Amino acid sequence: MGAKDSKPQVLSYEEAVKRVNTVELKRLKDTFSKYATPSGLLQQSIFFSEILGDTVPNNLAELIYTAWCGTTKGITFKDLLSGLVLLTRGHQDEKCRFIFSLYAKDMNSVVTKDDVINYTTKYSDGWNLENISNLFDEAEAVNYSKFREWLITYPCATSLTEWLLSDPCPITLSNDLETPTFYQTLSGVTHLDEQEIIDLEKKYWQLKNLSSNGKFDIELFLSFASAPISSVIEDDNSKFSIARGLFSAFDENCDGHLDFKEIVCGISAACRGPLVERIKFCFKIFDFDRDGVFCRSEVTQLIESLKQLAVDQFPEDESDCDSLEVSDIIKNEMESVDLETFLMWAVNRSSLKHLLDMLHQLCHVVLGLRPASRIEEGKLIQNWLRREVKRGYRVGEFWYLVSSIWWKQWSDYVTNQDESIKSVPSSASLKNNSSDSGSDLNTVVRPRAIDNTCLVATSTIKATVLTGEGGRLRRDVEKGKDYEVVPEAIWKALSSWYGGSPALPRQAVQLTDADPIELELYPLLLRLLRHSTTANDNGPAWNGQSWNSIVGGYGAAALGGYGYFPSATQQTPRRYLAYVAAFSQLATVSQTYEYLCGRLRLKFDDVRLWLMKDDHCLVLLEDENATLASLSCRDNDQLLIEVRNKDLTWPEEMVSLSGQSGDKYRQALPSEKGATGLNNLGNTCFMNASLQCVSNTQALTQYFTSSMHLLELNRDNPLGMKGNIAKDYGDLIRDIWKGRSRTIAPLRLRWTIGKYAPRFNGYQQHDAQELLAFLLDGLHEDLNRVHDKPYVELSDSEGRPDIVVAQEAWENHLLRNRSIVVELFHGQLKSKVTCGVCQRESVRFDPFNYLSLPLPLESYVHVEVVVVRLDGSVPVKYGLRLPMDATYLLLKERLAALCQVSYDHLLLAEVSGAMIKSFPGVSNKVRPTSGFALFAYQVLNSSEVIHLLPTNGGHIGLVDGEEGAKDQSSPNNNKLADHSNNQAAKVFHIKEGGNTNTSSEVRRPVGICMNVMSTVFCRKNGSSTVGQESLPPRSPADRPTTNGGTNEDRNGGDRSSLASTSSGSGGLGSPVSLTSNNSSAQELNGALGMGASFLVVYHRKMIRQDLYFVSPHKTRPSLFGLPLLVPLAWTTDGVSSHPGDESSKVLLLQTTSQDLYRCVWTLVSRLVSPSPPTDSGTLPNHAHDCDDSLGYEFPFTLKVVQANGIHCGLCPWTKFCKGCPLPPTPDPLPNGSETNSPAVEGVLNYCIAVDWEPTALHLRYQTSLEKVFDEDPSVAKAVHQQTEPVSLEQCLQAFTREEQLSGDEKYYCPKCATHQPATKKLQIWRLPPILIVHLKRFQFVNHRWIKSHKAVQFPHNNLDFTEFLAAIPSETLVRHRQKVASSTPPNGIVDSANDESNGDDMNPKLSTSSTSYSNGHPPNLSEVINGNESTRKRLESTSLMTHPVHDEDLIDFHQHRLLPGYNKLDITYSLYAAVCHSGIMGGGHYISYAKNPNGKWFYYNDSTCKESSANQIEGQTAYMLFFERDGIDMKAYLPKLREPSTSSAESANSDSTAGKGTPAVIGLEEEDGKKCCIM
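Bear in mind the structure is a predicted one, so any value in this text is a computation, not a measurement.

Is there a simple way to think about the sheet that holds strand β34 (residues 1220–1222) in this case?
Sheet strands associate in pairs through backbone hydrogen bonding, adopting either a parallel or an antiparallel arrangement. With mixed pairing, 5 strands are arranged side by side in an open sheet as β30-β29-β35-β33-β34. A single partner strand is all that each edge strand has here, and the edge strands are β30 (1115–1127) and β34. Each adjacent strand pair in this sheet contributes to an overall mean axis angle of 35 degrees, direction not counted. Strand direction decides the pairing type here: strand β33 (residues 1196–1201) and β34, joined by 3 bridges, are antiparallel. When the bridges of β34 are listed, Lys1199 appears paired with Pro1221.

Here you go:
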């Protein structure tokens, strides 16, 4: 030890080469080349993993690596080979010298005792000090001779010497243990050779990968088998067809899934067997009830199918189909036809020959069987081709071009009748011949690979090809002379048999209805351009940071005078040729978008296509229904694929705005005025979405488009922006509503907003609601008609009527605020605070311009748990909806109630892939996003397993007298089902003094069968050495409870806090990880809250390696499938481990290896495809059942492994064992590894690996069933509850709900003269004409911002807020409706004391008569009150009690200006715009929807504007909703202006430009101004 890198090895490279044969040396060199670096060295990490493996301790592995001359850079092949040969084939003396060299500097030196002890302690995980002392019994230092004698005498002194000196060596260079592969086994029972089976497997997986559900089921089979057999598309599942019967004939085990074995055996029986066997297969096609005989209906179906097949597929052949009659086979209804009778009838029938020929073609061309001879190959290809050519082209089908040169060579090869080559070729003879022609004229040369390069023109474009057209055809090629066309199935068959390229698929198209269907030989070849993302020679790369980067570029032109200057270093994004692609002329723009987005993995909304007619003219492709032909696309035209930058800007827009490009961009004019998009200037989607909604507010837009704002600018307002916001917004609105541009860049407004609100600067994402609030406030202040704002003192209600206080507050508001924004957007809220001590009420009325409604916070988590039962049934998935702070204890209780399994019999486990990662503690909080799948395994305690152990050699879990494990189809006979119903079990408890409370000698241990979990069960005086008592089974009353009551009382309730269990375990709250070395059974028991005894079982298969260094790595174990838990049974032997102490008895494991095998088979038998039924009367498709010929009882071997499932759980690492096999015998299970912690009674410190036999794994094991679970209705229910949308009604209820003020929010009560707890309630008093509803999706919870993705349902029309108004306005509207609805008006005034009036503490309902809702269905809204007093359930209102509403004097509190014919007290609203936000907070995207004045809805996504509908607004993304009062008179809100003179208008415009203020009353009639003041 301590050897230097330069120390020579014991065995030289030349000597090492002599000890390996040529095959081994070649394999070692190839393996070294596979893993070596370009410098020819093998890195240390590869050395550890591929040579020594991960079983060798790291420090010892480093020592071996250094001793073999390995360096930090790596190890050479020569040094590696010398070390490998020494390790595997070195002589004893050579190995002794190697070990001595580890301790000594050279062979002539000595080693000291201290060095040996120190180095052994450091590099060996096991050693014997006494043996080492014997080495130095005479001296403190010894030479090599003495050291060698000691090694021979004590070879096991250390783990290193034990490994190196073991005989035979556990590691060899070659692994000669070869077992027959499953290909060879299957070849022995069919008429196919091994190579044909290998080829069929490749084709099988190609076809199976096309399945949507991972199964080779009837749907997949019909997709490629129906067309060749029948010309009619089979869409009727109940109707019999030959294709469906063929699937049934293949599916021998009737499981609805074709595994590979069934495909191979079916093909063998249908194509390669003798004629009798092939006819028997045809019998199975029509025997669809599988009773082994034909009834009359089956015979009728046979005759009709044969006739139809002859007409559809073989019309030119002579046939006896016309003479076929049912009576020829069956005489009457009562008779049946057996197989022998059918054979006698079918032998000489030419009609049946057609069916046999069709099956022969299908198995070869579609299923991938290689023809047995070239003559056979020629016949089946020609017959298939002749049938398809006669049928003709079908639109959308693909046909492939084949070079005529190759086609002629192939035709000569398959039609030559030379007798000398009629024998069936072997697999070797099917390989390509190395010469074009032989010297012997009678020799027929097999064609080489298909070569179509002669048909393709040479391409000069160096770019990636995205489509699979294979290349551009030469213009001078002709059909028949240069090429032939074949169907897709024939091309795939020929290319798989011969190979070849390029594939030249061409699609059948019909340009017009009058044109014939023909192949499109020359599809459009388009050049696809992208923007460069890397630096180039001309300057820096385009970085996508558009606003900061290019604001100077266009600042001089667009924002001159604001201090921005052009950037001298900014470069435009360079376009480059990225791809080429071929598209059909009939391909639409939508199809082109879809293909390119899918091929390049781009989001549809993040891509735009520009057609470049020349270098400086770009046309945006927006009409999704237009075809490429209609767009006049030609060959080699250029399409620019424009992809959004990270800041959501479009590169071409940024270039256009910067003025650095001379390109001309052609976009269609907007279809409607206002249908104009806004350019994204760098994450400005929040601004664009808000602006589009405000732009579609008709009254406000008319105000700005009429330039009335120029006459009302208030430049002297200290709270305003000197009129700049209103001026720039007005300019933008006029540009939008001119309808002359498809997109507009809001540059000036963007800069102005950033100037007065710097928080909106930069290119970060911001809140659209904050921007909208700033914009409306800025517009109001810039247009405020009040120049000198008077001081207004706010006064409390002091018991005055609400009407008086509200009117006073509103008038005070108008004294300081009068503008078009106030008239349209401002409403009034009532706020009432009630002191909790003296009950004093304080009422205030405040203005608002939008309602911020809270969304109910998600206080539940959705969890899905898969329950795995011990009876081997299909696992069941359950859905649970738990409180946010729920623990796994509550989860188990809820799950137990759903699955009807006792609480104590469920063990939760987090599963990742094929391994159990941890058992979560019962007191831990549920982690729904832990990344692991949650499973609940049914487990039993020891006493329950004892009762299930068979006394007569039967199967575990079956009733007495049932033999073996042959019949798993009757789960009702399983005794384990009794334990699913909370059956009590007899358990033995050890008390102080050794007294017991039952007569049974069975007790339940607390241990877990893992190498990482151990505890002592040999007890003294009733106590454990680890201080953990054995837990008795809990009754429902003993289980932990929370919030009182038993578990059964709380199954339907929700809990937010859970009490701890009373087990007293120190590890109660910690999950137990299977990869931890510090876990204990005590911790696990506390985490589970129960005692359990089981083994973890993993599925494992061996992956064979062709290239490997040493024998252990020729096969690598790989885990797969779902891990399992198997219960164990323990008992006492009645003998105390300490004489005289009866309280300490030794635990014995009662579960045997045979029991373990049977239990595992019970759990995994559902994954194994069942054997074909033996009582059906039909013969299997293969000669012998390959599974039966193997002669084993179980299709797997159980092996003892460690917790990782890879290495042996019994042997030390020096054995390099991957698991010791357990024979299925009545012998007890082994105790565990000797290298781990000392063995303890009651504990098994290992796992079990199910090593599947290769044949069973590939032929019987159904991989598709591994993760197939039955879904309990609770899953859909929990998902529905979790994703159930809330209604706008619920949000308004939350807004108007009474709020408790306490703690720091206490209310200062003037009457009490101190801060007191109080209640606060908000209600709407006055509704604005335009109501903006803000849904508060972003909330600050637990010191962090989160976004709620809850869907909100909202009406689109006739929205009525009556029920959410304050008491007096609400009662006013209700009284009005009663008067209208009733033929007799109410007499007098209703006594408010006797009437349940609508009050401040009411539980309001939002009423609507709309039939159009978001998400397509209405929310749960209350009906409109129609005069029936009994339906109006309202709480008592103090306002109505003191100031009741009189029917004779109903007041309009809202004062809206309406069109003629609309009643002022019939208040309903309609949705006209919405802002939606998708994605996460800070990184999402805003879009908007708005209704044009002509009633059309449009979708706005920055510069994209498309016609849409209100139903497209998603409730899950809705963020702001804009409602408009029905019947509002837009023109009435416009100020009455005098017609300004030209000089006045010019003066106002020049003043606004120069920044000078002008009086807002210019042009405003005095009468109208007074009217505003009165409001």
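Having seen it, we continue.
Would you take a moment to explain the packing of helix α3 (residues 44–52) against helix α4 (residues 58–67) for this structure?
The relative placement of two packed helices is expressed as an angle between their axes plus a distance between the axes. Running from N to C, α3 and α4 cross one another at 105 degrees; their axes reach a closest spacing of 11 Å. Considering their axes alone, α3 and α4 lie roughly perpendicular with respect to each other. When α3 is examined against α4, the residues Gln44, Phe47, Phe48 and Leu52 are found in contact with a partner set consisting of Ala61, Glu62, Ile64 and Tyr65. For the contact of α3 with α4, the class distribution of residues is 6 nonpolar, 1 polar and 1 charged.

Mind showing me how you'd approach α4 here?
Residue pairs spaced three or four apart in an α-helix point in one direction, given the helix's 3.6 residues per turn. For α4, the set of buried residues is Leu60, Ala61, Leu63, Ile64, Tyr65 and Ala67. Looking one or two places after α4, you find Cys69, whose phi comes out positive at around 70 degrees.

What exactly am I supposed to notice about the environment of Tyr1486 here?
Considering the arrangement of structural elements, one finds Tyr1486 in strand β49 (residues 1485–1491). The exposure class assigned to Tyr1486 is buried, which follows from its relative accessible area of 2%. As a C-alpha pair, Tyr1486 and Ser690 span 796 residues in sequence and 8.9 Å in three-dimensional space. When neighbours within four sequence positions are excluded, Tyr1486 is seen to be in contact with Cys685, Phe686, Ala689, Gln765, His766, Asp767, Ala768, Phe1338, Val1475, Cys1476, His1477 and Tyr1519. A distance of 3.5 Å separates the side chain of Tyr1486 from the side chain of Asp767, its partner in a polar contact.

What is the right way to look at the sheet that holds strand β21 (residues 841–848) in this model?
One open sheet accounts for 4 strands, arranged β21-β20-β41-β38; its pairing is antiparallel. The two strands at the open ends of the sheet, each matched to only one other strand, are β21 and β38 (1299–1301). On average, adjacent strands in this sheet sit at an angle of 30 degrees to one another, irrespective of strand direction. Examined bridge by bridge, strand β20 (residues 827–835) and β21 share 8 bridges and lie antiparallel to one another. Paired with Gln828 across the bridge in β21 is Pro847.

What counts and what doesn't
Residues numbered from 1 in each chain as written. Predicted model: local features only at pLDDT ≥ 70, side-chain atom pairs only at ≥ 80, totals over all residues. Heavy atoms only, no water. Pairing = 2+ DSSP bridges. Helix = DSSP H or I, 4+ residues; strand = E, 2+ residues; numbered from the N terminus. Axes fitted to C-alpha atoms, helices over the stretch in contact; angles between N-to-C directions. Parallel < 35°, antiparallel > 145°, perpendicular 65-115°, else oblique. Contact = heavy atoms within 4.5 Å. Nonpolar A, V, L, I, M, F, W, Y, C, P; charged D, E, K, R; others polar. Buried < 20%, exposed > 50% of the residue type's maximum accessible area, 1.4 Å probe, protein only. Polar contact = N/O pair within 3.5 Å; in protein donor to acceptor, adjacent residues only side chain to side chain.

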